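# Chain and residue survey
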Amino acid sequence: RSTTAQVWEAAEEFIRLFHRENHDAGDPRDRLAAVRSELAETGTYRHTPEELVHGARVAWRNSNRCIGRLYWNSLRVRDRRESTDAEGIAAECFEHLREATNGGRVRPTITVFAPDAPDRPGPLIWSEQLVRYAGYGDHHSVTVGDARNAPLTEALLRLGWRGGAGTPFDLLPLVVQGVDDKPRWFDTPEDAVLEVPIGHPDDEGWAQWGLRWHAVPAISNMCLEIGGIHYPAAPFNGWYMGTEIGARNLADTDRYNLLPAVARRLGLDTSSDRSLWKDRALVELNRAVLHSFDRAGVTMADHHTESRRFLSHLEREERKGRDVGADWSWIVPPISGSATPVFHRTYEDRPSSTAYVHHPGAQD
Ligand code: HEM
Ligand SMILES: N=C(Nc1cccc(CNC[C@@H]2CCCN2)c1)c1cccs1
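Positions within a chain are numbered from 1, following the residues in the order the chain's sequence is written. The naming scheme follows written order: chains are lettered A onward, ligands numbered 1 onward. Residues qualify for local features only when their pLDDT is at least 70, as the model is predicted, and side-chain atom pairs are given and counted only at 80 or more; totals for whole chains, interfaces and linings, by contrast, use all residues. As a rule here, side-chain values come from all non-hydrogen atoms in the structure, and water together with hydrogens is ignored.

### Points about the coordination of the iron atom of ligand 1
For a metal with four tetrahedral donors the ideal donor-metal-donor angle is 109.5 degrees, whereas six octahedral donors ideally subtend 90 or 180 degrees. As a rule, N, O and S atoms within 2.8 Å of a metal are its donors, except that Na, K and Ca use 3.2 Å; water is not among the atoms, so sites may look incomplete. Within the protein, a single donor atom binds the iron atom of ligand 1, namely Cys66 (SG) at 2.4 Å. Only DSSP runs of H or I reaching four residues or more are called helices, and only runs of E reaching two or more are called strands; each is numbered from the N terminus. Note on placement: Cys66 falls in the loop between α3 (49-61) and β1 (76-79).

### Examining the site of ligand 1
One heavy atom within 4 Å of a molecule or strand makes the whole residue count as near it. Near ligand 1, the surroundings consist of 19 residues, among which Trp60, Arg65, Cys66, Phe236 and His358 are the closest. Definition of a polar contact: a pair of N or O atoms within 3.5 Å, with one able to donate and the other able to accept a hydrogen when the atoms are protein atoms, and with sequence-neighbouring residues admitted only if both atoms are side-chain atoms. A distance of 3.0 Å separates an oxygen atom of ligand 1 from a polar atom in the side chain of Arg65. Take His358: an N or O atom from its side chain is 2.9 Å from an oxygen atom of ligand 1. Elements supplying a minimum of two residues to the shell around ligand 1: β13 (236-237) and β16 (355-358). Side-chain classes are defined by residue name, with Ala, Val, Leu, Ile, Met, Phe, Trp, Tyr, Cys and Pro counting as nonpolar, Asp, Glu, Lys and Arg as charged, and the others, Gly among them, as polar. Grouping the constituent residues of the shell around ligand 1 by class yields eleven nonpolar, five polar and three charged.

### Focus on the site of ligand 2
The full set close to ligand 2 counts eleven residues, and Arg148, Asn237, Gly238, Trp239 and Glu244 are the nearest of them. In the model, a nitrogen atom of ligand 2 is placed 3.0 Å from a nitrogen or oxygen of the Trp239 main chain. Here a nitrogen atom of ligand 2 sits 2.6 Å away from a polar atom, N or O, in the side chain of Glu244. Computed with a 1.4 Å probe, the accessible areas rest on the Shrake-Rupley method; for each residue, only the protein chains presented here act as cover. The fraction of the free accessible surface of ligand 2 (520 Å²) that becomes covered by protein chains is 73%. Counting residues per element, the ones that place at least two in the shell around ligand 2 are β13 and α6 (242-249).

### What about unusual backbone geometry?
The general pattern is negative phi for most residues beyond glycine and trans for most peptide bonds. For Asn102, which is not glycine, the phi torsion reads 50 degrees and is therefore positive. With respect to the helices and strands, Asn102 occurs in the loop between α4 (86-101) and β2 (109-112). In this scheme, a residue with accessible area under 20% of its type's maximum is buried, one over 50% is exposed, and one in between is partly exposed, where area comes from a 1.4 Å probe on protein chains only. By relative accessible area, which is 31% here, Asn102 ends up partly exposed. A positive phi angle, near 55 degrees, is found at Leu276, a position not held by glycine. Tracing the backbone through its elements, the reader meets Leu276 in the loop between α7 (259-266) and α8 (277-296).

Written as structure tokens, this is what we have:
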């Protein structure tokens, strides 16, 4: 809960920034006076459509853990602040997926739902991403699917979902809590989710594993904060960087844990870490992911290209007189770190009042 003084401080900073970076917005004084009186009368204030668009883009530009910020100023913003009920929000989330997927030419997009108001909190999306695979079994002994989503799968079963077909890649329904506070779940329409089958470029045998992953990463459980106003439901997507799927989602021991199977298929000696079998399996799994997305015509970054783009972003921001904050431990890719240019320098981890933040008490 913010006091009006805290809101005013962030609001003034954001309005001044908006007018500085949008010269056709003119002098900020009138807007500052209007915001100040609206805040005094109602305990909050409403962003203009232009302020909302720029705020969502600046929040991305301020995301210290994000390597993909070069294109921050071309984020597509879907203003859905009038959506407050769970059904309407779910429908807009599925439309977001269709628009962002764009037949494989993925477009970075955000949909902004109703903000927190002084008399009632805004809506919440319980799912971490708009597309998630079920994890069946309790968190400690997951038998089938993505163990990361075992808690959400449990919550869905308690909410009356009967479970899917029991495959390792069952699409979970989306869980939305409208402003009436009641969580509801909605099956994800098939035409809203593009999936990519994962195969290896040199070994047809991988196809028998039935591996796949969804084309679009869309984070739905973070809060967008712009100039003191909180938008707790504001799902945003970019495109995947291959390592996210190849080095984490399919490789982590508490996710799909595929390195042993890949190593066996490659005929590697898995009896000792010193054979570097995990390292060789990781490279082949990442080659398979990049190859499969390219074959499917779905946008995907490789960690070398994305690292170069990030350093270009830093240079361009410096030229504009803006400092860029970054968190080295998130920016450096999970494989081949020192083979990418982002590894060989340090960064300042700078806080900003306009940013994407985790809800208090959330995981990660
Ligand atoms: C356009 C392509 C993009 C790429 C390739 C990209 C890449 C990444 C990667 C690899 C991470 C680390 C994720 C992890 O290790 O789990 C990340 C973090 C993040 N990205 Fe980006 N990103 C892109 C676009 C965006 C967009 C459009 C937004 C928001 C509008 C965004 C906001 C963030 C935020 C807030 C984090 C930190 C998440 C957290 O703290 O948990 N990114 N990005
Ligand atoms: N490419 C993306 N990846 C991404 C971005 C932010 C957060 C996440 C999810 N992070 C949580 C995972 C799970 C364990 C460690 N990382 C993924 C994007 C998602 C949304 C816009 S870009």
